[in-house]
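If you want the building blocks of each chain, they are given just below.
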Amino acid sequence: MNLLSKLEYLYKKRKQALYITPEDVQIAKDICTCEEYVYKDNLITTFLCYYKENWCYLLLKELSHDKDEVLRVTAINELCEFLKVEDFWELYNEFESDNRFVLAAAIAGIEYIGYKKNINVEVQRKRIQDIKEKYDRKEEKDLYVEILLNVKLFLLTNNYMYLEELEKNLCKGDYEDRYQMLQGLDELIDAFWDDDQLVRRLRKKLKHIVEHGDSCRRNRIYALQIYRKNFEEHIKQEDVPKDILSKCIYQIYYPVEERMIDYYDELKEEAQKTKDIQILIFGAYVNYNYGRTETNWFLEELLKVSKDRELKAVTLMLQGLWELQRGEIKFGNTIALKYFQDALEYAVDIPMIYDMIGYLTSIEENEHQLAIEKSKALKQCPSDLDNYSLDKLYSFETFYQMSILRKIKMPEYFLPIEDEQ
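Our focus in this paragraph is the packing of aromatic side chains. Enumeration over the complete set of coordinates arrives at 22 aromatic pairs. The interplanar angle of 35 degrees and the centroid separation of 4.9 Å between the aromatic rings of Y179 and Y222 together place this pair among those described as tilted. With Y179 in helix α11 (residues 175-191) and Y222 in helix α13 (residues 217-230), the pair connects residues that are 43 residues apart, well separated along the chain. Each member of the pair, Y179 as well as Y222, carries the same accessibility label: buried. Each ring, one from Y285 and one from F399, has its centre 5.9 Å from the other, and the planes form 70 degrees; the classification is edge-to-face. With Y285 in helix α16 (residues 277-289) and F399 in helix α23 (residues 396-404), this residue pair connects regions lying 114 residues apart in the sequence.

Spelled out as structure tokens, the structure:
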């Protein structure tokens, strides 16, 4: 079996609740040692996270030292679900020399284990304080980790010294530091909601962040989300477009209140009335990516429309995406792959088609590498989308080029919050 087939095999065994044999564990090990991040990430999220046996713990331990930092964080998060006392005492030491994101994951994991395992609060407090003292002795410290430690210690001690340390760094650091600060404020508001005086204090700090904005789009959205989740006071945000298509695109790009899927009926009503091709394409895509319906009405309507060559390619591509959504086969879906391959007969300049061919073919196959290279070659450099006018930013054309065709590389953190599935 190639690696993609191995992933599908393990996924099916998990879905069918079949006994995991030593041979299956060896297959998982083979994936752990491959060079493809996506395969190892999928191994964690579709297989390993569903088991709490020792073989699974050992595989996650191995992945927690992978060369990819995002994978290390993902593996540490899953390791902590085992609630092992040894990790409560050793995780910090194990990852003390790693980068700030991995170290922060280890610290958060220690606090999580202590809470979930109902370890004595005084022991939890002492453990995190010891970590902070040890961290403070380091020659090179990082604001991201300091913010996290102060949040955790304030939660454990209610000592305002730690809150004051947080407040000193309210809008300092890079966008990651500021995002960590927002996460901390969100956690503290949830934890101390019954303390009116403290909540008013936190609310004032959060309101300052919201009203003065943030250079990072993700942070601006997150600050508004926290505020609107907890407080009813009106806070000015971008003007919501009037027409339904731009309004939906706005909701995907600036997801503060409602989810895009909440507009489904309104979108369908407009499509029935106008038969607008743009709405049908958009609806078919978002129903695949965000929807929960058994059938894709927009795609069914699109199939009835006479098409030019690009529209034929896009329709076949949407059929492939929908097959991935509803099909039982998660990896190496040959039906979906055929749709994407057929789409190349009508258009050879759509990066999304090559992205999906790469996803559905194994890294051992030539077709996989050729598809990945072709996709990279076709994508344009990212534009400074935050400087677009609102009409252009929330236009169908921008969404079509960036999200559906993937001809424009999406800037980092442009779409920070995923719709809940």
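Right, let's talk about a nonpolar patch on the surface for a bit. A cluster of nonpolar side chains, V85, W89 and V123, forms an exposed patch at the surface whose accessible area comes to about 230 Å². Inspection of the secondary structure assignment puts V123 in helix α8 (residues 121-136). Residue V123 is classed as partly exposed on the basis of its relative accessible area, which comes to 30%.

Counting 113 residues, the largest nonpolar core has F282 and F340 as the members making the most contacts within it. The leading source of residues in this core is helix α9 (residues 143-157), at 10 residues. Judged by nonpolar contacts, the second largest core, of 29 residues, contains C34, C56, L79 and F82.

Basis of the calculations
- Residues numbered from 1 in each chain as written.
- Predicted model: local features only at pLDDT ≥ 70, side-chain atom pairs only at ≥ 80, totals over all residues.
- Heavy atoms only, no water.
- Phe/Tyr/Trp six-rings, centres within 6.5 Å; stacked < 30°, edge-to-face > 60°.
- Helix = DSSP H or I, 4+ residues; strand = E, 2+ residues; numbered from the N terminus.
- Buried < 20%, exposed > 50% of the residue type's maximum accessible area, 1.4 Å probe, protein only.
- Patch = residues over 30% accessible without salt bridge, like charges linked within 9 Å, V, L, I, M, F, W, Y side chains within 5 Å.
- Areas by Shrake-Rupley, 256 points an atom, 1.4 Å probe, with all protein chains shown as cover.
- Salt bridge = Lys/Arg side-chain N within 4 Å of Asp/Glu carboxyl O.
- Core = buried A, V, L, I, M, F, W, Y, C linked by side-chain atoms within 4.5 Å.

These figures come from the coordinates and say nothing about function on their own.
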